[in-house]
Amino acid sequence: MCGIVGFVNNKDNKKAIINDMMDRIIHRGPNSSGEYIDRDVALGFRRLSIIDLEGGTQPIYNEDQTKIIIFNGEIYNYQPLRKELIDAGHIFKTHADTEVLLHGYEEWGTELLQKVRGMFAFAIWDNEKKELFGARDHFGIKPYYYAEMNGTLMFGSEIKSFLPHPDFNKELNREALKPYMTFQYSPLNGETFFKGVYRLPEGHYFTYKDGHMDIQQYWDANFEEKGTQSRQEWIDQIDDTVKASIEAHTISDVEVGSFLSSGVDSSYVTSVLKPDHSFSIGFDDKTYNEAIEARKLTEMLDLDNTAAVIDGDMSFKAFPLIQYHLDEPDSNPSCVPLYFLANLAAQSVRVVQSGEGADELFAGYQSYGFHTNSKFIRVIAQGLKKLPKGTRYNLGRKIGKMRNFHGRIHLYESLAPAKEYFIGHARIFEENEAANLLTPEFQQAPTVKEIMAEHYAKTEGIQDEINKMQYVDLHQWMPKDILLKADKLSMASSLEVRVPLLDIEVMKLAQQIPSKYLLNQNNTKDVFRQAANKHLPEEWSNRVKLGFPVPIKAWLKEEHGYHQVKELFEADFAKEFFDQAKIIQLLDDHHEGRSEEQRKIWTIFSFLTWYKVYFVDETIPQAEPIQYVTV
């Protein structure tokens, strides 16, 4: 796991600039650095040593030094590919997976991307063609940004690495704020919260030559072809595939630990991996403590676990640094415990496996249409799904307009077209609510419908509404929220997170499973849970998904948290974006018990914290030593 930076131009003073850019992401690779500089390009690399500890330093060159690569990620099938390339005549200088990408590109061109299994963001400079080639992994596990400004193409793992470049224009993208308030993360398709800075989409590659950027898609999910296996056969196949993926993701020259929550996904990974170290985090909240619940499982499995609790004071102190590392504002409350969990784990290991991806691949979210505890309602909904599509849609729409009754939402979202209601797993502000709080300068922005239309347009060939929602999540929620925070907040502590449940081989299986085996009257991700049940106590495999339960509701009622947020809401710069009287009233109403608006308040607070870090203070927040209370 590492960090890459680079730029293409024919200007002078490249060495000083590329070193400044590398310094901005030293947290991604504290072990070593490397650079390549010529008249046309500068490439920079920060390394966290995982494979070939002595010989894997980058950049790496091909045999005649005409091609140079920098790479962030891991290729899990690099060993058979390496043998194939050696048999084809390529000469390797290292045992690192990086070199497989370089020689693989020489041998197969862009077809390399059809062969690799892993998480990656890399760039290869061809010194003969004066051409840059780069690619991002299938799911967007690793981040990749680029910007073309003032005659320079700059690219890298994190936006903050662009800040020292003299050709970079730091400007807020005004169109990003309004939709962010609905989605809780930066949702635009392409451009980020920084004007002119773009994400390379997941499953895409690019070539850049003579000032022209050409971006192409090399992979996409395909939910159209379904298998005919029985329920038990799917369960067995899932377990075999998951076990093989966890094994593949252990390739490393350093120890591999695991994150562990009380949910089924990380528990499944941990129970199969059986690491020497697992790590859990919880809050000093009296209602539920994730760390204590996770500890119960490791005691049953006789595994080592390091668990700690954090509190609101620790969380508020760390919050500016959390938003700094994210690059763009994200108000997902789980960002807070994830930051501390990674920091805790990094004190013992360099690599962990985690459970991200199972909910998207195996339909684990309740918002896919599982909104009631009533088995009677669930059975009715499952039966109504068998109606002809037109009849089903019309019935769903009628139910959606009815007065509320027990099971109405479950029935509506089981029957209505997904594109009429589904945008992911967070809807913080309705668009009219956001407009009511924002100043006129921030009213112009793409609508939620426009943002989602690009994804739904690609689901026309998908018959099942659950599969449509999964497809949308694979291109919206997952790369822009779930995976972004997993990468950025683990690398903040120089920790590599691997996600074996979000693997191309697991995906090939998951997309074939009929949704009736995934989300039904029994549960969400039903057959996945039953596969996990082979390794876990039954009470674990059937647990309701909680995510990271974060007590922001209580924090904002306490005096300390209330004043932390109010100070930012009252700041002079906040009135550029918001009607200050209205957002302060929102906070006061929650604090005094007139309403419960914690997610809305947290979304505004997250943006203002991020903006203050990047545009007001313009300094890197300082990390304070963390004193954990272990349990």
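An unreviewed UniProt entry annotates the chain as asparagine synthase (glutamine-hydrolyzing) of Enterococcus mundtii. Recorded in UniProt for the chain, the comment headed Pathway (unreviewed entry) runs: "Amino-acid biosynthesis; L-asparagine biosynthesis; L-asparagine from L-aspartate (L-Gln route): step 1/1."

*Asks:* What is the right way to read the sheet that holds strand S4 (residues 60–61) from this model?
*Replies:* Strands pair in a sheet through their backbones, by hydrogen bonds, and they do so in one of two ways: parallel or antiparallel. If you walk across this open sheet you meet the six strands as S4-S5-S6-S7-S11-S12, and the pairing is antiparallel. Here the strands that pair on one side only, and so sit at the sheet edges, are S4 and strand S12 (212–217). Of the strand pairs in this sheet, strand S5 (residues 67–75) and strand S6 (residues 118–126) are connected by nine bridges, and their pairing is antiparallel. Across the sheet, residue Ile-69 finds its bridge partner in S6, namely Ile-124. Strands S4, S5, S6 and strand S7 (131–136) of the sheet are contacted by helix H3 (residues 97–108), whose axis makes an angle of about 125° with S5.

*Asks:* Just to check I follow, could you spell out the nonpolar core for this structure?
*Replies:* Within soluble globular proteins, side chains that are nonpolar tend to cluster in buried spots. With 189 residues, the main nonpolar core has Phe-122 and Phe-578 as its most contacted residues. Of all the elements, helix H24 (residues 598–617) adds the most residues to this core, at eleven residues. Dropping the residues within four chain positions of it, Phe-578 is found in contact with Leu-177, Met-181, Leu-437, Leu-438, Thr-439, Ile-583, Ile-604, Phe-607 and Leu-608.

*Asks:* Can you walk me through the sheet that holds strand S9 (residues 152–156) in this structure?
*Replies:* Read from one edge to the other, the open sheet built from six strands follows the order S2-S3-S1-S9-S8-S10, with strand pairing classed as antiparallel. The two strands at the open ends of the sheet, each matched to only one other strand, are strand S2 (32–37) and strand S10 (197–199). The mean inter-strand angle of the sheet, taken between neighbouring strand axes irrespective of direction, is 15°. Sheet analysis places S2 next to strand S3 (residues 41–47), joined by six bridges and oriented antiparallel.

Analysis parameters
- Residues numbered from 1 in each chain as written.
- Predicted model: local features only at pLDDT ≥ 70, side-chain atom pairs only at ≥ 80, totals over all residues.
- Heavy atoms only, no water.
- UniProt positions renumbered as here; feature names shortened; annotations may be inferred.
- Pairing = 2+ DSSP bridges.
- Helix = DSSP H or I, 4+ residues; strand = E, 2+ residues; numbered from the N terminus.
- Contact = heavy atoms within 4.5 Å.
- Axes fitted to C-alpha atoms, helices over the stretch in contact; angles between N-to-C directions.
- Core = buried A, V, L, I, M, F, W, Y, C linked by side-chain atoms within 4.5 Å.
- Buried < 20%, exposed > 50% of the residue type's maximum accessible area, 1.4 Å probe, protein only.

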